[in-house]
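One-letter residues, chain by chain:
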Amino acid sequence: MLLRTIAFYIFAVPAVVCAALAVTRRNIVHSAAYLTATLVLTAGIFLQLAASFLFAAQILLSASATMALFFFVILPSRGGLRSRAMPSKWRTFLPLTLALFFAVLGFFAAWAGRGTLPMPAADGPSQGNTEAIGGAIFEHYLLPFEMTAVLLLVAIVAAVIMAKRRVE
Amino acid sequence: MLNPAPMPSEFIPVWIFAAIVAALLAVAFVVSRSLRPGAPVTGMAQAQRENASAPEEALWEGAELAGFYMAGALFAILSVVVLFLFPLAVEFDRVGVVGLLAILVFLGILLAGCAWVYKEGALDWPGSRAANLDAPLLGALRGLASLGSCGIAAVASLISIVLLAGSLSMNQIVAAQSDQGIWFIFYAPVAFIVFFASSAMAMDRARRDSRNAAWERFVGTAEAHQKTDSLQAPGWLAEYAGEFLISAIATVAFLGGWLRPFANYRQERFFGISVEILDTVPSLAFLAVAAYFFRLARRHENARQRRLMAGLGGLCVVLATVMTAALFAPPGIEQGLHGAFWFLSKVFACAWALSWLEHALPRRSWERRMRLAWRWMVPLALVSAAGVAVAVMLRQEWSWSPGWSLALTTLAILCAGVWFAERDAAREEASEMASGEAG
Amino acid sequence: MISPTHYFFLSFALFAIGIAGALARRNAITVLMSIVLILDAASINLAASSRMWGSADGQTFAMFIIAGAAAEAVAGLGIIVALVRRDQAGSTSDLDRTI
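Residues numbered from 1 in each chain as written. Chains lettered and ligands numbered in written order. Predicted model: local features only at pLDDT ≥ 70, side-chain atom pairs only at ≥ 80, totals over all residues.

1. What about the overall build of chain B?
Inference 1: Regarding its fold elements, chain B presents 15 helices and two strands.
Inference 2: Within chain B, contacts between residues separated by at least 24 positions form 76% of all contacts whose residues are at least 6 apart in sequence. (Helix = DSSP H or I, 4+ residues; strand = E, 2+ residues; numbered from the N terminus. Contact = placed C-beta atoms within 7 Å.)

Right under this line is the structure:
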């Protein structure tokens, strides 16, 4: 149990630190790099939860495909990679308060319910996580699966239209 | 229902792998930071910097940005598609025709979208002025774009294998080929061709006279430096490693892994000769190699080389006797040793074929590679997955023989491919006449 | 598995950081990255709850969220690319005042 707690903190603390760095850097490329690190550490969290397929999906989709897309748009940028305007004092103060409020609310909720949550079953021999997700999609989530196809179609069409229109 | 969490000891290989990856990333950052132009370096890096500064400014026009964004968007969306198909492929034997229809509707919607994208001309990848410039960042981005595109095609072609095997485990895939009595390359030849070709394209092998490999744009062409140049060595090593990795995956997924050819046909006889004679192939192969070494040992001038060759020949004879002895050992040992021999020989055969392909075929431009990947490889892989799904369902629900159902779907895929090829060729002729571009 | 409360704390912390970034930053790309962070926090919460209740539904939902995040990144970055191409913004770092 101690090993697991240590493993959790090895992934959780750097994740929070990298996330905080990602949203506060002036250099956009640094920001994207820290976000990639956060996503990879989150994949480690998924692995600890024994969600092996989610771990693979997070690395392949979030940390690789989505972030590659970000880098493809950030790097060929002409005017430099530093964000010119950091937010003003008031503009920082209000969102920080809001974020702190949400965080405190969430922490309180989690702390208050800490004894009442069902603990998961004990460890056992490994069986497939991919099979479990596949079964869940086939049994319960077939319609959202097809809706995802439509969503991706919309995204492809949007990408083509925005990339190919001639500049007037 | 979710299965209980696995023991932590089962994930130890993953943690080790993650630690290695993290260490490699750290090394890469440290090395690139010490090599960046800001640091005072002389020689080749300085020449590179002086050459690259002027042209790179002119490159970042809207067209470049839009081209890269298009590549990235296609990569992101098709990654999602491919990743969604894996859990479904694994559970495919449990669902009926409804599941097959769900997968076909999913793929149909997306292929219709891809067809529209193709018609809009977003997959044309026209050549640009930046094609041959020596800019490092541009080369890196292009390398990343082509690697991602060809990688998606390779992963998509593996969906057909998962459909046939019903599992993502490599052990299970080879066991399924043993159970079904045939290597999957014969069941899904289109998928094998797509996997092999797109992996070869993704490797971006360097050649001595061209400057198109992504890492060559950074450190200079292969011919400008000796092969032992420390800056180039990781590039060459990475290419070799990639070749063997691709060959290993192709061997496990398509070529039956560690199975002997005709592994299940233990009682059959061809022309009066039992199939069991194939079990002597490992010993005979080692004896042949030993004979070759002894012949070399006799003809070499250098005394030390002669001793080395004789020693290697002796080693091969020892291995041949070990292989023969394994035939009379308990089945576990025989499976291990002979399995290792068959696996390694298939991997080396694939790596040899890959090397041959990449060195014999002319190197084409990055644009052509992107066009090939997005117009041919990815759609073919997805269509092959759909075809294999239909074939597996035919076999399951209506008890068609696997050979017939897969032959039918492969034929359908090839007809569709030929039809598309003719339309594509007509379209390229029309666009070439219109714009007079050089391919 | 350790108590799920740990994972909920992590998820809320990332969520709060994401909200702060999305509301406070002026650069469009950084706002997009903060939104990806918010979705990531939701995924952690769902995966932890899924393991807690022993059902695969949460992890499936997290898969759909990851797919949705990819599609949203495509669309958002497409808008940015279109803006840069039409010279309404000099570069991606000039998008501070156009949004």
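We are not done yet, so read on.
2. Some thoughts on the overall build of chain C
Inference 1: The helix and strand inventory of chain C stands at three helices and zero strands.
Inference 2: Helices and strands appear in chain C in the N-to-C order α-α-α.
Inference 3: Expressed as a percentage of its 99 residues, the buried residues of chain C come to 70%.
Inference 4: Here the contacts in chain C between residues at least 6 apart in sequence split such that 42% fall between residues at least 24 apart. (Buried ≥ 20, exposed ≤ 12 C-beta atoms within 10 Å, placed from the backbone.)

3. Some words on the interface of chain A and chain C
Inference 1: Across the contact, 78 residues belong to chain A and 67 residues belong to chain C.
Inference 2: Put simply, the parts of the chain that give the side of chain A that touches chain C at least two residues each are helix H1 (2-24), helix H2 (28-48), helix H3 (52-74), helix H4 (89-112), helix H5 (129-139) and helix H6 (142-164) of chain A.
Inference 3: In terms of residue count, H4 of chain A provides more of the side of chain A that touches chain C than any other element does, twelve residues in total.
Inference 4: Split into classes, the residues belonging to the side of chain A that touches chain C amount to 56 nonpolar, 16 polar and six charged. (Nonpolar A, V, L, I, M, F, W, Y, C, P; charged D, E, K, R; others polar.)

4. Topic: unusual backbone geometry
Residue and element names in this part refer to chain A.
Inference 1: Despite not being glycine, Ala50 shows a phi value in the positive range, around 60°.
Inference 2: Assignment of secondary structure puts Ala50 in the loop between H2 and H3.
Inference 3: On the basis of neighbour count, Ala50 is assigned to the buried category, with 25 C-beta atoms found within 10 Å.

5. Here we look at the packing of helix H4 (residues 97-119) of chain B against helix H14 (residues 366-397) of chain B
All names here are of chain B.
Inference 1: Viewed as axis vectors pointing N to C, H4 and H14 meet at an angle of 160°, and their least axial separation amounts to 11 Å. Accordingly, the angle class assigned to the pair H4 and H14 is roughly antiparallel. Considering only the axes of H4 and H14, their crossing is left-handed. Where H4 abuts H14, its residues Val97, Leu100, Ile103, Leu104, Leu107, Leu111, Cys114 and Tyr118 lie against Arg375, Pro379, Leu382, Ala386, Ala389, Val390, Met393 and Glu397.
Inference 2: Split by residue class, the contact of H4 with H14 holds 14 nonpolar, no polar and two charged. (Axes fitted to C-alpha atoms, helices over the stretch in contact; angles between N-to-C directions. Parallel < 35°, antiparallel > 145°, perpendicular 65-115°, else oblique. Left-handed = near helix turned anticlockwise from the far one by under 90°.)

6. Considerations on the confidence of the model for chain C
Predicted coordinates in areas of low pLDDT are best not read in detail.
Residues and elements named next belong to chain C.
Inference 1: Residues of chain C with pLDDT of at least 70 account for 86%, and the chain-wide mean is 84.
Inference 2: The element-level mean pLDDT for chain C is lowest in helix H3 (residues 57-85), coming to 90, with helix H2 (residues 28-53) highest at 92.
Inference 3: Taken over the whole predicted complex, pTM reads 0.84, whereas the ipTM for its chain interfaces reads 0.89. (pLDDT = per-residue confidence, 0-100.)

7. Structural notes on the interface of chain B and chain C
Inference 1: Taken together, the contact pairs twelve residues of chain B with 15 residues of chain C.
Inference 2: Here the side of chain B that touches chain C is built from residues that sort into eleven nonpolar, one polar and no charged.

8. A word on the packing of H5 of chain A against H3 of chain C
Inference 1: At their nearest, the axes of H5 of chain A and H3 of chain C sit 9 Å apart, and the two run at 85° to each other. In terms of axis orientation, H5 of chain A runs roughly perpendicular to H3 of chain C. Every residue of H3 of chain C that contacts H5 of chain A at Ile133, Ala136 and Ile137 of chain A is listed here: Asp57, Gln59, Thr60 and Met63 of chain C.

9. Focus: the nonpolar core
Inference 1: Ranked by internal contacts, the top residues of the largest apolar core, which has 205 residues, are Leu69 of chain A, Tyr69 and Ile77 of chain B together with Ala70, Val74 and Val81 of chain C.
Inference 2: In terms of residues, this core owes the most to one element, helix H3 (residues 62-90) of chain B, which gives 22 residues.
Inference 3: Residue contacts for Val81 of chain C: discarding those within four places in its chain leaves Val73, Met162 and Ala163 of chain A together with Leu65, Ala66 and Tyr69 of chain B. (Core = buried A, V, L, I, M, F, W, Y, C linked by C-beta atoms within 7 Å.)

10. Concerning the environment of Ala412 of chain B
Residues and elements named next belong to chain B.
Inference 1: Topologically, Ala412 is positioned in helix H15 (residues 402-435).
Inference 2: By C-beta crowding, Ala412 is classed as partly exposed, having 15 other C-beta atoms within 10 Å.
Inference 3: Along the primary structure Ala412 and Leu168 are separated by 244 residues, whereas in three dimensions their C-alpha atoms are 26 Å apart.

11. Remarks on H14 of chain B
All names here are of chain B.
Inference 1: Helix length check: H14 (32 residues) gives 45 Å between terminal C-alpha atoms against 46 Å at 1.5 Å per residue, within 8%.
Inference 2: By the largest-angle criterion, Ala373 marks the main kink of H14, which is about 35°.
Inference 3: Along H14, 23 of the 32 residues are buried, which leaves the element largely enclosed by surrounding structure.
Inference 4: Ser399 sits one or two positions beyond H14 and adopts a positive phi of about 55°. (Expected span 1.5 Å × (residues − 1). Bend = angle between axes of the 7 residues up to and from the residue.)

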